[in-house]
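# Coordinate inspection notes
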Amino acid sequence: MRDGRPELLFGLPPILDAGVRTLILGSFPSPASLAGQHYYAHRQNQFWRLLGVLLGEPLPELDYLDKQRCLLAHRIGVWDVYRQCRRQGALDAAIQSPETNDFACLAHEAPQLARVCFNGRTAGKFAPWFVQRGYTTAVLPSTSPAYTLALDGKLALWRAGLGVQGGD
């Protein structure tokens, strides 16, 4: 913390390629994710477990590079709505001075993108921007341990939001 303000933090690069059809947007990486340079690195975050069940893949057991490859093979990308911000701790409520990622690049970087799912309500505030550009959107319950909905409840909502059949 400098001058009474948290330090400026920079997010992670997207997991994205030209084949992505579904993009999952979070708000901003946790301190554990920033330290590990790995989306959803906090061991209590349910992201990798949840997607592993939905996709029928052992995502929690894979190293980060293989997790990325697996998501891309399923045509799923991951990114955050904020490129940088100031934040003390991990809570979205503590985000200060956020700067949004440049989503205009998606038309070129992910030309097959059709669906954008938001991991929690903070990221979900960006849904109208994507709807205006013709994307299907879904605001899903956060996979953060701070959001206390049971995993089974999250699974049902994420399955519907991602349009995933079976996998469990």
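Being a predicted model, the structure only gives us computed values, none of them experimental.

Take the packing of aromatic side chains next. For the coordinates displayed, the defined rule picks out 13 aromatic pairs. Measuring from centroid to centroid gives 6.5 Å for Trp 48 and Tyr 64, while their planes differ by 85°, and the two rings are edge-to-face. Note that Trp 48 is positioned in helix 2 (residues 47–55) and Tyr 64 in helix 3 (residues 64–73), a separation of 16 residues in sequence. Consider the rings of Trp 79 and Phe 103, whose centres lie 5.4 Å apart with planes at 85°: the pair is edge-to-face. With Trp 79 in strand 3 (residues 76–80) and Phe 103 in the loop between strand 5 (96–100) and helix 4 (106–109), the pair connects residues that are 24 residues apart, well separated along the chain. Linked through ring pairs, Trp 79, Tyr 82, Phe 103, Phe 118, Phe 126, Trp 129, Phe 130 and Tyr 135 together constitute an aromatic cluster.

This brings us to unusual backbone geometry. Phi is positive for Arg 75, which is not a glycine, with a value near 65°. Relative to the assigned elements, Arg 75 resides in the loop between helix 3 and strand 3. Classification of Arg 75 by relative accessible area gives partly exposed; the value is 34%. Positive phi, normally seen in glycine, also occurs at Ser 97, with a value near 50°. Along the chain, the position of Ser 97 falls in strand 5.

A contiguous nonpolar surface patch, about 240 Å² in accessible area, is contributed by Tyr 147, Leu 149 and Leu 157. Secondary-structure assignment places Leu 157 in helix 7 (residues 151–162).

Let us now look at the sheet that holds strand 5. Strand order in the open sheet formed by three strands is 1-4-5, with antiparallel pairing between adjacent strands. Across the chains shown, the open sheet's two edge strands, defined by having one partner strand only, are strand 1 (8–10) and strand 5. Averaged over neighbouring strand pairs, the angle between their axes works out to 15° when direction is ignored. Direction of pairing for strand 4 (residues 82–86) relative to strand 5: antiparallel, over a ladder of three bridges. Note on strand 5: the bridge partner recorded for Arg 86 is Gln 96.

What counts and what doesn't
- Residues numbered from 1 in each chain as written.
- Predicted model: local features only at pLDDT ≥ 70, side-chain atom pairs only at ≥ 80, totals over all residues.
- Heavy atoms only, no water.
- Phe/Tyr/Trp six-rings, centres within 6.5 Å; stacked < 30°, edge-to-face > 60°.
- Helix = DSSP H or I, 4+ residues; strand = E, 2+ residues; numbered from the N terminus.
- Buried < 20%, exposed > 50% of the residue type's maximum accessible area, 1.4 Å probe, protein only.
- Patch = residues over 30% accessible without salt bridge, like charges linked within 9 Å, V, L, I, M, F, W, Y side chains within 5 Å.
- Areas by Shrake-Rupley, 256 points an atom, 1.4 Å probe, with all protein chains shown as cover.
- Salt bridge = Lys/Arg side-chain N within 4 Å of Asp/Glu carboxyl O.
- Pairing = 2+ DSSP bridges.
- Axes fitted to C-alpha atoms, helices over the stretch in contact; angles between N-to-C directions.

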